[in-house]
Amino acid sequence: MKAYLTRRYKFSASHRLHSAHFSEEQNQATYGKCNNPHGHGHNYKVEVTVSGRPDRDTGMVCNLADLDDFVDRVIMPKFELSNLNELEAFRNIVPTTENLSRELFHLFHDGFELAQVEKIRIEETMMNSFEYAGERELERR
Amino acid sequence: MVYLTRRAEFSASHFYHNPKLSPEENQRIFGKCNNPQGHGHNYTLEVTVAGEVDERSGFVMDLKLLKDIMNREVIEGMDHRHLNKEVPEFRDKLPTTENLAIAIWDRLAGKLRGAKLHRVRVYETDDLFVDVYGEA
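Positions within a chain are numbered from 1, following the residues in the order the chain's sequence is written. Each chain gets a letter, beginning with A, and each ligand a number, beginning with 1, in the order they are written. This being a predicted model, a pLDDT of at least 70 is required before a residue's local features are given, and a value of 80 or more before pairs of side-chain atoms are given or counted; all residues contribute to the totals for chains, interfaces and linings.

## Points about the overall build of chain B
Here's step 1: Runs of E in the DSSP output that reach at least two residues are strands. Runs of H or I that reach at least four are helices, and both are numbered from the N terminus. Helix and strand content of chain B: 4 helices and 5 strands.
Here's step 2: The order of helices and strands in chain B, counted from the N terminus, is β-α-β-α-β-α-α-β-β.
Here's step 3: The C-alpha extent of chain B, read off along each of the three principal axes, is 60 × 30 × 25 Å.
Here's step 4: Partly exposed residues are those whose C-beta has more than 12 but fewer than 20 other C-beta atoms within 10 Å; with 20 or more the residue is buried, with 12 or fewer it is exposed, and the C-beta atoms are placed from the backbone. A burial count over chain B gives 31% of its 136 residues as buried.

Here's what the structure looks like:
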């Protein structure tokens, strides 16, 4: 039977929401406090979901140690205690958590080859969260 | 369609060891989880059932009935048990969270009168959980 394994990670980063497509007034009106030029930070909680049939010998969709290792090598050095606006990925797009979800999905999807990467879910705060599963609708909740 | 989720907790111990593999392979793949003395978790089980709301009762399914089925089929046989040694599904299968979720799905499928089993979610820790939907 196919199983979906979700592992939760966290990192802290700062960002400022400001779009080059908007005037100063539009930026202020759109992003409010998040437009503060000095930026602000969040403790992001990131859930990555991978899927597959558990391996006959290990009982696992993928070895958690491999997933943790990928996060330690590829994800954390880039994001932990970073300013998202400084990252190449956000040079031309606003580092909203919507866009962060897409960026993380692509990093996992293109970089982690030991299981099917299904979905990224990010909690920016306890009060909001974002999910991205590539350009398809979420079929399962 | 309305989805209803009931949560339950159970505590159990387990360890990961595949006798077909060498001791070194077991250690390399399973790390600390290979300790033959086992270790334990407080598992959280979430069972989601789907159905139309009954016009008379307003229920998808009687929660008390769902709770009783979860207790009878899953919790009684797994709470405060050693999964490797006392739970039949794991006599010849590793009690990973993946296999645990599948075993619980198989125990519950067909036992829910009226409603359809939609999802079984098993949390091993706050930072790790597995979902199954009964897909082949």
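## Let's talk about the interface of chain A and chain B
Here's step 1: This entry defines residue contacts through backbone-placed C-beta atoms, with two residues in contact when those atoms are within 7 Å. Facing 17 residues of chain A, the contacting portion of chain B comprises 23 residues.
Here's step 2: Here the side of chain A that touches chain B gets 6 residues from one element, more than from any other, and that element is strand 1 (residues 3-15) of chain A.
Here's step 3: DSSP bridges decide pairing: two strands pair if at least two such bridges lie between them. Inspection of the sheet shows strand 1 of chain A paired to strand 5 (residues 128-132) of chain B by 5 bridges, in the antiparallel sense. Looking across to strand 5 of chain B, one finds that Ala3(A) is bridged to Val132(B).

## What about the environment of Ala3(A)?
Here's step 1: Within the secondary structure, Ala3(A) sits in strand 1.
Here's step 2: The buried category is assigned to Ala3(A), around which 27 C-beta atoms lie within 10 Å.
Here's step 3: Remark: the alpha-carbon pair of Ala3(A) and Thr49(A), spanning 46 residues in sequence, is separated by 9.9 Å.
Here's step 4: Ignoring anything within four residues of it in the chain, the contact list for Ala3(A) reads Ser51(A), Pro54(A), Val61(A), Glu98(B), Ala101(B), Ile102(B), Val130(B) and Val132(B).

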